[in-house]
Amino acid sequence: MQVAKEARQRVFGVSEADSATELAGSVCGRLLLQGSISREQLDAAIAYQETYAAFQRAIDAPAPPRAVNIGGFSSGAPRDMSPDQCEKFKARWKAAKSVLTELDIAQRGTTVAYAACDYIVLRDTFLPHLFGDLRLGLNALARHYGLVARRAA
């Protein structure tokens, strides 16, 4: 563990105190530690990743190779799901994608926020040029998942 902590400090510039936390292990977690995204945005990223994992499970897709799983949600075979549950998870994924697509169309007519969430949240890829679009996408997802409303209540 010490080697991983030192690597996080050296490669990613994470403080010694934060290098042992699970947040330092993902791009979104490090953005939260740096103050580049809010807690609601990180929660939206986790919810988006969980929605994607449930969708992948519902369609019985093979698990994609990745090093980090922000929320710890794992995919598996849909044998333990009913057909109704599979359809529900597919609909949730379609709704989340729709939120990002509608945002992109309203903003510029491109798919930049969708791409930012795909590459940074789902693939855990460090792409600083997409961080602004990531924040926009996570704000839209936070509203979609009701995370903003919960904080205000």
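All of these numbers come straight from a predicted model, not from anything done at the bench.

*Asks:* So what exactly am I meant to see when it comes to helix 4 (residues 83-107) here?
*Replies:* Every α-helix winds through 3.6 residues per turn, so residues three or four apart in the chain are directed the same way. A rise of 1.5 Å per residue sets the reference length of helix 4, with its 25 residues, at 36 Å; its end C-alpha atoms lie 36 Å apart and thus fit the reference within 8%. Residues of helix 4 that are buried include every one of C86, F89, W93, A96, V99, L100, L103 and D104, and no others. Where helix 4 ends, the next residue or the one after it, G109, has phi of about 80°, a positive value.

*Asks:* What is the right way to read the environment of F131 from this model?
*Replies:* Here F131 lies in helix 6 (residues 131-145). When the C-alpha positions of F131 and C28 are compared, they lie 9.8 Å apart, and in sequence the two are 103 residues distant. If we skip the residues at most four places from it in the chain, F131 touches V27, L31, I120 and F126.

*Asks:* What am I meant to see in the pattern of salt bridges here?
*Replies:* Between side chains of opposite charge, pairing is possible as soon as their charged atoms come close. Applying the stated criterion to the full structure yields 3 salt bridges. Here D43 and R39 are joined by a salt bridge, their closest N and O atoms 3.3 Å apart. Here D43 and its partner R39 are both found in helix 3 (residues 39-58), 4 residues apart, which amounts to about one turn of the helix. When the shortest N-O distance is used, the salt bridge between K90 and E87 registers 3.4 Å. Of the two residues, K90 and E87 both sit in helix 4, 3 residues apart, roughly one turn of that helix. Taking relative accessible area as the criterion, K90 reaches 30% and is therefore assigned partly exposed. The class for E87 is partly exposed, based on a relative accessible area of 49%.

Each value, and the rule that gives it
- Residues numbered from 1 in each chain as written.
- Predicted model: local features only at pLDDT ≥ 70, side-chain atom pairs only at ≥ 80, totals over all residues.
- Heavy atoms only, no water.
- Helix = DSSP H or I, 4+ residues; strand = E, 2+ residues; numbered from the N terminus.
- Expected span 1.5 Å × (residues − 1).
- Buried < 20%, exposed > 50% of the residue type's maximum accessible area, 1.4 Å probe, protein only.
- Contact = heavy atoms within 4.5 Å.
- Salt bridge = Lys/Arg side-chain N within 4 Å of Asp/Glu carboxyl O.

All we've got here are geometric facts, nothing functional implied.
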